[in-house]
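Chains, contacts and geometry: an overview
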Amino acid sequence: MGNETKSSRPPGFQTLDDALVLTRAEMIENHRKFGNPGLVQLLGLAGYDQLFVRASGVEVWDADGNRYLDFLGGYGALNVGHNHPRVVAALDKVKEYPNLLQAGISPIVSSLLRDLALLTPGELQHTFLCNSGAEAVEGALKLARAATGRTRIIYCQGGFHGKTLGALSVTGRPQYQKPFEPLLPGCEAVPFGDLAALEQAFGRGEKPAAFIVEPIQGEGGVIIPPDGYLRGVRELCSRHGVVMIVDEVQTGFGRTGTLFACQAEDVVPDVMCLSKSLGGGVMPIGAFITTPALWQKAFGGVEKSRLHTSTFGGNTRAAAAALAALEVIVDEDLPSQAREKGEYFLGRLRLLQQEFPLIKEVRGRGLLIGIEFHSETGLLGKVTAGVADRLAQEYLASLVSAQLFRQYRVICAYTLNNPNVIRLEPPLVVTYEQIDYVVDSLREALSTYRNAAGFALGTARQVVSGWLKRGK
Ligand SMILES: Cc1ncc(COP(=O)(O)O)c(C=O)c1O
């Protein structure tokens, strides 16, 4: 009585309850009208615009009850799988805690900070919590600048560190950078895996503040550098006094068979960027962790303690999900699982490569796996003045992944910086049976594609002989 307020919902306003019963068509229409129509179209082409309503572990279900296997794994954010019960329970345990309270420090965050220091190698000790991979990279770049008083940043061609302005400035794909130029000044790309080029860059012009690198380039097409590269980078950075930032956003938390990929070479960076699976596949969270010395230089003391902040960074629920995710990763020894299952998966895929010349290379470490397809179509490319080459380059991997999805209900995708590579990075809790199913599906899909390519080549031959006849 008296206190009842009249809702001012405009006509057509949809509540969460409305959203939970939308049809697929209504969902698509909302996205198309009010979101990113081009992206909806692209997802639709591959058939990815399904109404997914449930997920658990490696499995996802659509509203019609069809089951899919997720071998994309949230681009590396789902190492513990979808909706891991311990992560979901963690959110329940803290549901009455204040989630956001800027005026205070939290016991949950305090334990997360401690665990991250314990689990990361060497002297990495002080963590800043944020909300995404790109933000972790932004923070790391700022830290390097503030700690050294220098500005130059060296990064790798083909590398991917996110799409915010600073992270984009060190993301080695000109196609993503061009529309937003000028980007951060003083950022310079060197070839990935090339220590001589790095040393040259260090010696040229103003001394760099930092070198940022992924231990394995994920979006670049699952590119593994030569053995000893990361150790060489460590040595060069130490010798030149350059801050070594290792971006473990995608490779971290067991993905490549060790808790962090840099541990495969016993390398301890000065700064490590983390995100994705840190949130247990449920909450967005990112972090960068650094040594006491660098922290002190950049953010030490009361005065500098608020130089870099984030409203949502270190909120209770994200931190609780992260603590639970770390528990699962350690208790279930997910790094070992990734190593063993990855070897099995790679072995089976390499056999497939022998069967299908269309596959140029199978590569990976742990459960970060890429299958690269041949991008040149040879004769067909010449006949079509490169059109077929371009099509093959841009679309072959997406055609195969779309077929895997439509026909076999396997979710996977091509890598962002290298569209001719299919990337397979399932949750680390994937079963051998699920791996077998995906390999068998791929074999069937490639069999049909081999025929299609043969057909195209046959058509090209006819065109060429027609030209030759006309030329006579
Ligand atoms: C290595 C690496 N760094 C940074 C990012 C950016 O993360 P986010 O998309 O959360 O900004 C990604 C995303 O794929 C990544 O793979």
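These remarks concern the structure in this document. (Residues numbered from 1 in each chain as written. Predicted model: local features only at pLDDT ≥ 70, side-chain atom pairs only at ≥ 80, totals over all residues.)

Some thoughts on the site of the ligand
The cut-off we apply is this: Nearness is defined per residue: the C-beta atom, placed using the backbone, must lie within 6 Å of the molecule or strand. Under the scheme used here, helices are H or I runs from DSSP no shorter than 4 residues and strands are E runs no shorter than 2 residues, and both carry numbers assigned from the N terminus. Asp, Glu, Lys and Arg are counted as charged, while Ala, Val, Leu, Ile, Met, Phe, Trp, Tyr, Cys and Pro are counted as nonpolar; the rest, among them Gly, fall into the polar class.
Around the ligand, the surrounding shell holds 15 residues, and the nearest of these are Ser132, Gly133, Ala134, Gly162 and Val249. Per-element tally for the shell around the ligand: the top contributor is helix α7 (residues 133-148), with three residues. Across the shell around the ligand, the residue classes break down as five nonpolar, seven polar and three charged.

Here we look at the pairing of strand β15 (residues 418-424)
Within a regular strand, the side chains alternate between the two sheet faces. Quick reminder of the rule: Neighbour counting defines burial: a residue surrounded by 20 or more other C-beta atoms within 10 Å of its own C-beta is buried, one with 12 or fewer is exposed, and intermediate counts give partly exposed, using backbone-placed C-beta atoms. Two strands pair under a simple rule: DSSP has to find at least two bridges between them.
Along β15, six of the seven residues are buried, which leaves the element largely enclosed by surrounding structure. Of the pairings in the sheet, the one linking strand β14 (residues 413-415) to β15 comprises three bridges and is antiparallel in character. Within the sheet, the bridge partner assigned to Ala413 lies in β15 and is Arg423.

Observations concerning helix α14 (residues 316-331)
Selection criterion: Here the expected span of a helix is defined as 1.5 Å times the quantity of residues minus one. Two residues form a contact once the distance between their C-beta atoms, set from the backbone, is within 7 Å.
Along its 16 residues, α14 runs 22 Å from first to last C-alpha, staying within 8% of the 22 Å computed at 1.5 Å per residue. Burial runs high along α14: twelve of the 16 residues are buried. Within α14, burial applies to Arg317, Ala318, Ala319, Ala320, Ala321, Ala322, Leu323, Ala324, Ala325, Leu326, Val328 and Ile329. Structurally, α14 contributes buried residues whose contacts are with α5 (85-93), α6 (107-119) and α15 (334-355). Backbone geometry just after α14 places Asp333 at a positive phi near 40°.

Here's the deal with the sheet that holds β14
Rule in force here: Lines fitted to C-alpha atoms define the axes here, with helix axes fitted over just the stretch in contact, and angles between the N-to-C directions of these axes take values from 0 to 180 degrees.
Taken together, four strands build an open sheet; the order of strands is β11-β12-β15-β14 and the sheet is antiparallel. Taken across any chain shown, the strands that pair with only one partner, and hence form the sheet edges, are β11 (359-365) and β14. Recorded for the sheet is a direction-independent mean angle of 35° between the axes of neighbouring strands. Contacting β11 and β12 (368-373), α15 crosses the sheet at an angle of about 175° to β11.

Quick look at the pairing of strand β2 (residues 59-62)
With four bridges connecting them, strand β1 (residues 52-56) and β2 associate as antiparallel partners. Following the sheet pairing, Arg54 is matched in β2 by Trp61. Once β1 ends, the chain turns through two residues before running back antiparallel as β2, passing Gly57 with a positive phi of about 60°. Here three bridges tie β2 to strand β3 (residues 67-70), and the two strands are oriented antiparallel to one another. By the bridge assignment, Val60 is partnered in β3 with Tyr68. Between the end of β2 and the start of β3, which pair antiparallel, lie four residues, with Gly65 showing a positive phi angle near 85°.

Let's talk about unusual backbone geometry
Across residues other than glycine, the phi torsion is negative in most instances, and most of the peptide bonds are trans. The omega torsion of the bond from Glu181 to Pro182 falls at 0°, within 30 degrees of zero and hence cis. Within the secondary structure layout, Pro182 lies in the loop between α9 (174-177) and β6 (187-190). One non-glycine residue, Tyr75, adopts positive backbone phi at about 50°. The backbone of Asp266 shows a phi angle near 55°, a positive value even though the residue is not glycine. Residue position: Asp266 is located in the loop between β8 (243-247) and β9 (271-274).

Some details on the packing of helix α10 (residues 195-203) against helix α11 (residues 229-240)
The criterion, for reference: Under this scheme an angle from 65 to 115 degrees is roughly perpendicular, one under 35 degrees roughly parallel, and one over 145 degrees roughly antiparallel; angles in between are oblique. Here a crossing is called left-handed whenever its near helix is offset anticlockwise from the far helix by less than a right angle, and right-handed whenever the offset is clockwise.
Across the interface, α10 lies against α11 with an axial gap of 10 Å and an inter-helix angle of 15°. By the criterion of interaxial angle, the relationship of α10 to α11 is roughly parallel. Once α10 is placed against α11, the crossing between them reads as right-handed. Facing α10, whose interface residues are Leu195, Leu198, Glu199 and Phe202, α11 presents Tyr229, Gly232, Val233, Leu236 and His240. Partitioned by chemical class, the residues of the contact of α10 with α11 number six nonpolar, two polar and one charged.

Quick word on the nonpolar core
Our working rule: Take the buried Ala, Val, Leu, Ile, Met, Phe, Trp, Tyr and Cys residues, join any whose C-beta atoms are within 7 Å, and the set you get is a nonpolar core. Those domain boundaries reflect an automatic or database domain assignment.
Membership of the largest hydrophobic core comes to 119 residues, with the highest contact counts inside it found for Phe211, Ile245 and Ala287. At eleven residues, α14 tops the list of elements feeding residues into this core. Two domains each provide a minimum of three residues to this core, namely domain 1 (57-81 + 334-466) and domain 2 (85-331). Discounting residues that sit within four places of it in the chain, Ala287 has contacts with Leu116, Thr127, Phe128, Leu129, Cys130, Ala136, Leu274, Ser275 and Leu278.

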